[in-house]
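Residue-level structural notes
Next come the chains, spelled out residue by residue.
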Amino acid sequence: MELMYASTRDASERVTASQAILRGLANDSGLYVPTQIPALDISMDKLAKMSYQETAFEVMKRFFTDFTEEELKNCINAAYDSKFDTEEIAPLVNADGAYYLELFHGSTIAFKDMALSILPHLLITSARKNEVKNDIVILTATSGDTGKAALAGFADVKGTKIIVFYPKNGVSPIQEKQMVTQKGNNTFVVGIHGNFDQAQTGVKQMFADKALAAEMEQASYQFSSANSINIGRLVPQIVYYVYAYAKLYANGEIKEGEAINVVVPTGNFGNILAAFYAKNMGLPIAKLICASNENKVLFDFFKTGTYDKNREFMLTSSPSMDILISSNLERLIYRIAGDDANKNAELMKKLSVDGIYEITPEMKTKLNDFYGNYASEAETAETIKELYEKTGYVIDTHTAVAASVYHKYQKETADKTKTVIASTASPFKFTRSVMNAIDAKYDTMDDFALVDELSRIGNIKVPQAIDEIRNAKVLHDTVCEVEEMQKVVKQFLGME
Ligand SMILES: *Cc1c(COP(=O)(O)O)cnc(C)c1O
């Protein structure tokens, strides 16, 4: 039976998986959600023997029911290939009593690759299935990692163009260099004078702009989104939770049916929502531990039931989590409101008008699977240093936020459940913060000397993604004000 997708804001909207992927965002800026979460009705013994690609097929076919087996397998095989520097795609590393699920072995060394290496293929397949003639323009706001992963995924993909907006002073030097050196005739990278939320709001406004859509249609273009609000990104992220569980089972680390906890360093709430969906498919997950940095809006939300973005925006050493509006949380709100689009739309309206909303006590009881906490900058650095000194294993700042929150959780609860920590970036992506955490003496070294030093002390090979940008030429230097975003899009598309 075909699984349909509903909008979180309009109860009457129903589309197929491929249509949801194509559109990215539903009417009235709602998000597409599956009308039911399919069951993972396959034995763990079978899953335990599967490769990452085979696991991906088992998960995705249950969600993308209007894709043929051949279409889906082609997408999966084109995505999870030698772009990843390990055959396992997402290896598990046991260090200091937790399992680190390394999601950074793709071409841009952050977990966004897990979904963004397949999204272009899902999108092109969806366009073909729905007889779309226009070129697809991917419009993306990034807090650093989505941008490069989307650029890498879409570069020179026929029938697509990609435009990425990033906060000019809100990403790491390596993140910026990765983006502005991106090749491909269909790529366009713009720094904005503003923060990530402003970039994301600007992009959402363009998606919602009917007049702009009509002008685009005239020029044979249509927008789509590579942001984590696209269901074509969310579903591929469910795969690695299933894969990790199956690997723990295959390696005899857990018994069949034994529940595990997962800890996810969270920003836009996409990664942890994928874990929540995995749990709802039937994967034995006990607690979903949501880790925030000093932008702890989610910690406050889980504690109080009030989501309040009216607060100072902090720039931290984990910039991909510097977010005050966690877009994907809307999918959870919709769920705990009993799949009630009106109720959800009302709360989201409050968020956009007043910057704050409060859920009902009844909704709050449905959040018991979640635990939220946060790590300060000092705690994050301390966690990197301690783990390194104890085990020699080097983690990046985002992963360290998760590890630090996990320690707090253990202290509070004494819970001994085996735990997987989503390791979302290579330490090489945030070399300076990582090395400074280990020893302040590194502060005087330049970026690439630090890379070599990290390789030496951590005994890890410098990833290709970093080697590539050492001498790469800057190909993108456009910078604009927040108000000018639409104008630069039109200029790039030759519409002005
Ligand atoms: C995007 C990102 C996150 C946050 O993930 P969400 O799905 O937005 O919650 C965490 N760590 C890294 C390295 C990221 O790139």
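Use the structure listed above.
Here's what I pulled together on the structure shown here. Predicted, not measured: the structure shown is a model, and the values here were computed from it.

Okay, unusual backbone geometry next. Positive phi, close to 60°, is recorded for serine 29, a residue that is not glycine. Mapped onto the secondary structure, serine 29 falls in the loop between α1 (17-23) and β3 (32-34). In this structure, serine 220 is a non-glycine residue whose phi angle is positive, near 60°. Residue placement: serine 220 occurs in the loop between α10 (210-218) and β9 (221-225). By relative accessible area, which is 39% here, serine 220 ends up partly exposed.

Considered for burial, the residues of helix α19 (residues 431-438) that qualify are Thr431, Val434, Met435, Ala437 and Ile438. Along the long axis of α19, the arc covered by the buried residues comes to 155°, so they all point the same way. Summarising the contacts, the buried residues of α19 are in contact with α8 (173-180), α17 (377-391), α18 (397-413) and α20 (447-458).

When you tally the buried positions in strand β5 (residues 98-102), you get 5 out of 5 residues, the bulk of the element. Burial along β5 is two-sided: Ala98, Tyr100 and Glu102 facing one way and Tyr99 and Leu101 facing the other are all buried. When strand β4 (residues 92-95) meets β5, the two strands line up antiparallel, connected through 4 bridges. Counterpart to alanine 95 in the pairing with β5 is alanine 98. Between β4 and β5, which pair antiparallel and follow one another directly, the connecting turn spans 2 residues, one of which, aspartate 96, has a positive phi of 50°. Bridging between β5 and strand β15 (residues 419-423) involves 4 bridges; their strand directions are parallel. The residue bridging glutamate 102 from the neighbouring strand is serine 423, located in β15.

What follows is about the site of the ligand. Taken together, the neighbourhood of the ligand is formed by 15 residues, with Lys112, Asp145, Gly267, Asn268 and Thr424 sitting nearest. Between an oxygen atom of the ligand and a side-chain N or O atom of lysine 112, the distance comes to 2.6 Å. In the model, an oxygen atom of the ligand is placed 2.7 Å from a nitrogen or oxygen of the asparagine 268 main chain. Relative to its unbound accessible area of 380 Å², the ligand is 98% covered by the protein chains. Split by residue class, the shell around the ligand holds 5 nonpolar, 8 polar and 2 charged.

Glancing now at the side chain of serine 320. For serine 320, the location among the structural elements is in the loop between β12 (306-308) and α14 (329-336). On the basis of relative accessibility, which here comes to 9%, the residue serine 320 falls in the buried class. At 3.4 Å, the side chain of serine 320 and the side chain of glutamine 175 are in polar contact. Not counting residues within four places of it along the chain, the set of residues in contact with serine 320 comprises Ser143, Asp145, Gln175, Gly267, His398 and Phe430.

For the rest of this paragraph, the subject is the packing of α17 against α18. Two elements in contact, α17 and α18, have axes whose closest approach is 8 Å; the angle formed by their N-to-C orientations is 95°. Overall, the two elements α17 and α18 adopt an arrangement that is roughly perpendicular. Residues Glu379, Thr380, Thr383 and Ile384 of α17 lie in contact with α18, whose contacting residues are Thr397, Ala400, Val401, Ala403, Ser404, His407 and Lys408. Classifying every residue of the contact of α17 with α18 by side-chain character gives 4 nonpolar, 5 polar and 2 charged.

Counting across every chain of the model gives 19 aromatic pairs. Judged by centre distance (6.3 Å) and plane angle (35°), the rings of phenylalanine 269 and phenylalanine 302 are tilted. Residue phenylalanine 269 is found in the loop between β10 (260-265) and α12 (270-281), and its partner phenylalanine 302 is found in helix α13 (residues 297-304); the two are separated by 33 residues along the sequence. Judged on exposure class, the residue phenylalanine 269 and its partner phenylalanine 302 are both buried. Taken together through their ring pairs, the aromatic side chains of Phe269, Phe276, Tyr277, Phe301, Phe302, Tyr307, Tyr357 and Phe370 make up a single cluster. Positioned above the aromatic ring of phenylalanine 57 is the side chain of lysine 73, whose terminal nitrogen or guanidinium carbon lies 4.6 Å from the ring centre. Sitting over the ring of phenylalanine 67, lysine 129 keeps its end group 5.5 Å from the ring centre.

Spatially, β2-β1-β3 is the arrangement adopted by the 3 strands of the open sheet, whose pairing is antiparallel. A single partner strand is all that each edge strand has here, and the edge strands are β2 (14-15) and β3. Where strand β1 (residues 5-7) meets β3, 3 bridges bridge the pair, whose relative direction is antiparallel. Its bridge partner lying in β3, serine 7 is registered against tyrosine 32.

What counts and what doesn't
- Residues numbered from 1 in each chain as written.
- Predicted model: local features only at pLDDT ≥ 70, side-chain atom pairs only at ≥ 80, totals over all residues.
- Heavy atoms only, no water.
- Helix = DSSP H or I, 4+ residues; strand = E, 2+ residues; numbered from the N terminus.
- Buried < 20%, exposed > 50% of the residue type's maximum accessible area, 1.4 Å probe, protein only.
- Arc of directions from axis to C-beta.
- Contact = heavy atoms within 4.5 Å.
- Pairing = 2+ DSSP bridges.
- Near = heavy atom within 4 Å.
- Polar contact = N/O pair within 3.5 Å; in protein donor to acceptor, adjacent residues only side chain to side chain.
- Areas by Shrake-Rupley, 256 points an atom, 1.4 Å probe, with all protein chains shown as cover.
- Nonpolar A, V, L, I, M, F, W, Y, C, P; charged D, E, K, R; others polar.
- Axes fitted to C-alpha atoms, helices over the stretch in contact; angles between N-to-C directions.
- Parallel < 35°, antiparallel > 145°, perpendicular 65-115°, else oblique.
- Phe/Tyr/Trp six-rings, centres within 6.5 Å; stacked < 30°, edge-to-face > 60°.
- Lys NZ or Arg CZ within 6 Å of the ring centre and 35° of its normal.

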